[in-house]
Amino acid sequence: AQSVAQPEDQVNVAEGNPLTVKCTYSVSGNPYLFWYVQYPNRGLQFLLKYITGDNLVKGSYGFEAEFNKSQTSFHLKKPSALVSDSALYFCAVRDSISNNDMRFGAGTRLTVKP
Amino acid sequence: SAVISQKPSRDICQRGTSLTIQCQVDSQVTMMFWYRQQPGQSLTLIATANQGSEATYESGFVIDKFPISRPNLTFSTLTVSNMSPEDSSIYLCSVGPLPSGSAETQYFGPGTRLLVL
């Protein structure tokens with residue numbers, strides 16, 4: 001069965017600084033990896049995904065993520081953080097073999113301070 | 001992406017009662033899922049709603065407590081039965097794949113915030 005770990009409950013960065021939100025995964029087959037963002041009192045919004053191809057994937061709002069197979073990681077990054085990026089971020093994985101449902105990490109709360 | 005709506009958006013219920021949550025998608029989708037997000041927690045899959053057959057429940061979730069219907073490819077309901085305060089959560093509908101999207105991505109509705117007193 002697939003699983004996801006987000007080792008940090010909270011990440012704090014200053015506006016304008018780069019940010020990284022960490023994610024590691026475990027699957028039987030090849031991973032389909034996703035990042036979602038949840039703003040207060042809102043549902044989940046899809047940010048980006050890795051299915052195959054280039055290890056660096058670019059998504060919405062200037063976010064990108066790098067797939068690292070040897071480290072089984074899929075860290076979310078942004079070169080310059082905005083206060084409006086403050087939200088709850090979830091990493092998720094689907095197994096290419098079962099390809100049924102997603103499994104989510106515990107979530108990381110990102111706070112960007114002015 | 002599709003437009004996914006849920007009703008109600010929020011509710012406050014008394015213990016022992018039941019609440020049915022509706023999920024409507026503006027396009028036909030193969031898969032529909034129901035997730036629960038307890039306060040301060042991540043998302044946990046409750047079940048996969050199968051069109052024309054019984055839902056597939058994850059470990060720890062049973063049909064008597066969370067009956068699910070899926071009469072067609074655009075609509076599903078989740079009922080939270082005989083509620084207790086422990087059922088206070090956000091319940092999220094998720095769909096995928098979309099006709100215009102990739103086969104791997106799931107999209108989420110806005111959620112239903114349930115508080116059980």
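In what follows, the accompanying structure is described. Remember, it's a predicted structure, so these values are computed and weren't measured experimentally. (Residues numbered from 1 in each chain as written. Chains lettered and ligands numbered in written order. Predicted model: local features only at pLDDT ≥ 70, side-chain atom pairs only at ≥ 80, totals over all residues. Heavy atoms only, no water.)

Points about the pattern of salt bridges
Worth spelling out the cut-off: Note on definitions: salt bridges are taken to be side-chain nitrogens of Lys or Arg within 4 Å of carboxyl oxygens of Asp or Glu. Helix numbering and strand numbering both begin at the N terminus, where a helix is a DSSP run of H or I of at least 4 residues and a strand a DSSP run of E of at least 2. Between buried and exposed lies partly exposed: a residue is buried under 20% and exposed over 50% of the maximum accessible area for its type, with that area taken using a 1.4 Å probe on protein chains only.
One pass over the structure, following the stated rule, counts five salt bridges over all chains. In this structure, the salt-bridge partner of Arg-103 of chain A is Glu-58 of chain B, at a minimum N-O distance of 2.8 Å. Residue Arg-103 of chain A is found in strand β11 (residues 103-104), and its partner Glu-58 of chain B is found in the loop between β6 (56-57) and β7 (68-72); the two belong to separate chains. On the basis of relative accessible area, Arg-103 of chain A is assigned to the partly exposed category, the value being 28%. Using a relative accessible area of 19% as the deciding quantity, one classes Glu-58 of chain B as buried.

As for the interface of chain B and chain A
What counts here: Whether two residues touch is decided by their heavy atoms; if any such pair falls within 4.5 Å, the residues are in contact. By buried area we mean how much accessible surface two parts lose on assembly, using a 1.4 Å probe and totalling the loss over both. Nonpolar residues are Ala, Val, Leu, Ile, Met, Phe, Trp, Tyr, Cys and Pro. Charged residues are Asp, Glu, Lys and Arg, and all others, Gly as well, are polar.
Across the boundary between the two partners, chain B contributes 21 residues, which contact 21 residues of chain A. Both faces considered, chain B and chain A share a buried interface measuring about 1600 Å² in area, 52% of it formed by carbon and sulfur atoms. Across the chain B-chain A interface, the total number found is one salt bridge. Of all the secondary-structure elements, those providing two or more residues to the side of chain B that touches chain A are β4 (31-37), β5 (43-49) and β10 (107-108) of chain B. Sorting elements by how many residues they give to the side of chain B that touches chain A places β4 of chain B first, with four residues. Split into classes, the residues belonging to the side of chain B that touches chain A amount to ten nonpolar, seven polar and four charged.

Comments concerning the state of the cysteines
For clarity, the threshold we go by: When two cysteine sulfur atoms lie within 2.5 Å, the pair is treated as a disulfide.
Enumeration over the complete set of coordinates arrives at two disulfides over all chains. Each disulfide pairs two cysteine sulfurs, and for Cys-23 of chain A the partner residue is Cys-91 of chain A, the sulfurs being separated by 2.0 Å. Handedness here is read from the sign of the S-S torsion; for Cys-23 of chain A and Cys-91 of chain A, about -65 degrees, the answer is left-handed. You can see Cys-23 of chain A sitting in the loop between β3 (19-21) and β4 (24-26) and its partner Cys-91 of chain A sitting in strand β10 (residues 87-95), a full 68 residues away along the chain. The same class applies to Cys-23 of chain A as to Cys-91 of chain A, namely buried. Here Cys-23 of chain B engages in a disulfide with Cys-93 of chain B; their sulfurs sit 1.9 Å apart. Taking the sign of the S-S torsion, -65 degrees for the link of Cys-23 of chain B and Cys-93 of chain B, the bridge is left-handed. Taken together, the residues span a long stretch of sequence, with Cys-23 of chain B in strand β3 (residues 19-25) and Cys-93 of chain B in strand β9 (residues 89-96) at a distance of 70 residues. The class of Cys-93 of chain B is buried, set by a relative accessible area of 0%. Lacking any disulfide linkage, Cys-13 of chain B is separated from the closest cysteine sulfur, that of Cys-23 of chain B, by 18 Å.

A look at the packing of aromatic side chains
Aromatic ring pairs: the centre-centre distance and the angle between the two ring planes describe each pair. As a reminder of what qualifies: Pairing of aromatic rings covers Phe, Tyr and the six-membered ring of Trp, with a centre-to-centre limit of 6.5 Å; geometry is then stacked below 30 degrees between planes, edge-to-face above 60, and tilted otherwise.
Evaluated as defined, the whole model comprises 13 aromatic pairs over all chains. With a centroid separation of 5.8 Å and an interplanar angle of 50 degrees, the aromatic rings of Tyr-36 of chain A and Phe-104 of chain A are classed as tilted. Separated by 68 residues along the polypeptide, Tyr-36 of chain A in strand β5 (residues 31-38) and Phe-104 of chain A in strand β11 bring together distant segments of the chain. With a centroid separation of 5.8 Å and an interplanar angle of 65 degrees, the aromatic rings of Phe-46 of chain A and Tyr-107 of chain B are classed as edge-to-face. With one member in each of two chains, Phe-46 of chain A in strand β6 (residues 44-50) and Tyr-107 of chain B in strand β10 form a pair that bridges those chains. Following the ring pairs from residue to residue traces out a cluster consisting of Phe-34, Tyr-36, Phe-46, Phe-90 and Phe-104 of chain A together with Tyr-35, Tyr-107 and Phe-108 of chain B.

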